[in-house]
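# Inside the fold
Take a look at the letters that make up each chain.
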Amino acid sequence: MEAKQLLKNLLTLTNQIKQAALNLELLSDIDLNTRPQPASWSILECVEHLNRYGYFYIPEIAIKISTSPYHSPSPTFKSGYFGNYFAKRLLPKVKLNKMKTPRAMNPSNSKLNRSVLTIFIQQQNSLIALLEQAKTIDLNRTKTSTLFGSWVKLRLGDTLKIVVFHNLRHLEQIKNIVHQQKTERLNYFY
């Protein structure tokens, strides 16, 4: 894939994700904190889950971009085996496949408020800036650590895809929650 096109696509998606988060600010506190089922996450829990990943990946990406010795971008990006595998698994599907959440990334039963949305929007602004900066380096040769440990390295292009696709995945989950809440309200009146 052309590296410029990949970054352009990820920028477009991240701007859409940011706009969706801004729209969530219009919801009531009850809507933001209500779980569709007892074992499911609320909207704020979904966003907090994304924030927790952002706390790791955004600084990691920023450091790797600023310290990368590969300041001549490759015109093409080729996903690595693991990076491609994880990115594809995170892409939203009609029926989201269940994935095990590491304990530290699980926001269940956390006391959350609207500041979770503010943090997420700030993280999206940071990610947009990093995607712009990534245009100046080689997405293939610059590697990032992962939450699985510093011994698991991914190509920067794969890490960027994973972060954006993970955000998309949980925004799809949030859309389903909002849709369910609207349907329940309508059913209440009829």
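Description of the structure in this document. All figures in this text were calculated on a predicted structure; none of them were measured in a lab. (Residues numbered from 1 in each chain as written. Predicted model: local features only at pLDDT ≥ 70, side-chain atom pairs only at ≥ 80, totals over all residues. Heavy atoms only, no water.)

Turning our attention to the pairing of strand β1 (residues 143-146). Bridge count between β1 and strand β2 (residues 149-155): four bridges; the pairing is antiparallel. Bridge assignment links Thr144 to a residue of β2, and that residue is Leu154. Connecting the antiparallel pair β1 and β2 is a turn made up of two residues. (Pairing = 2+ DSSP bridges. Helix = DSSP H or I, 4+ residues; strand = E, 2+ residues; numbered from the N terminus.)

This next bit is on the environment of His179. Inspection of the secondary structure puts His179 in helix α6 (residues 156-189). We classify His179 as exposed; its relative accessible area is 55%. (Buried < 20%, exposed > 50% of the residue type's maximum accessible area, 1.4 Å probe, protein only.)

Every buried residue of helix α4 (residues 81-90) is accounted for by Gly83, Ala87 and Leu90. Here the buried residues of α4 occupy an arc of 65° about the axis, which is enough to place them on one side. Facing away from the buried side of α4, by more than 90 degrees, are the exposed residues Tyr81, Phe82 and Lys88. (Arc of directions from axis to C-beta.)

For Glu60, the position within the fold is in helix α3 (residues 43-67). Relative accessible area serves as the criterion here: at 12%, Glu60 is assigned to the buried category. Residues in contact with Glu60, not counting those within four places in the same chain, are Thr144 and Ser145. (Contact = heavy atoms within 4.5 Å.)

Quick look at α3 now. The end-to-end C-alpha distance of α3 is 36 Å, a good match for the 36 Å that 25 residues give at a rise of 1.5 Å each. At Gly54, α3 shows its largest bend, some 35°. (Expected span 1.5 Å × (residues − 1). Bend = angle between axes of the 7 residues up to and from the residue.)

Ile43, Ile61, Leu139, Leu160 and Ile174 are the most contacted members of the largest nonpolar core, which totals 49 residues. Counting residues per element, the ones that place at least two in this core are α1 (3-24), α3, α4, α5 (115-133) and α6. Residue contributions to this core peak at eleven residues, all from α6. Among all residues touching Ile61, those that are not within four sequence positions of it are Leu130, Leu156, Thr159, Leu160 and Val163. (Core = buried A, V, L, I, M, F, W, Y, C linked by side-chain atoms within 4.5 Å.)

This part is about the pattern of salt bridges. Using the criterion set out here, one finds six salt bridges in the structure. Of the charged contacts, one joins Glu48 and Arg52 as a salt bridge, the two residues approaching to 3.0 Å between their closest N and O atoms. Taken together, the residues span about one helical turn, with Glu48 and Arg52 both in helix α3 at a distance of four residues. The residues Glu48 and Arg52 share a single accessibility class, namely buried. Between Glu60 and Lys64 there is a salt bridge, and its shortest N-O distance comes to 3.9 Å. Note that Glu60 and Lys64 are positioned in helix α3 at a spacing of four residues, about one turn of the helix. (Salt bridge = Lys/Arg side-chain N within 4 Å of Asp/Glu carboxyl O.)

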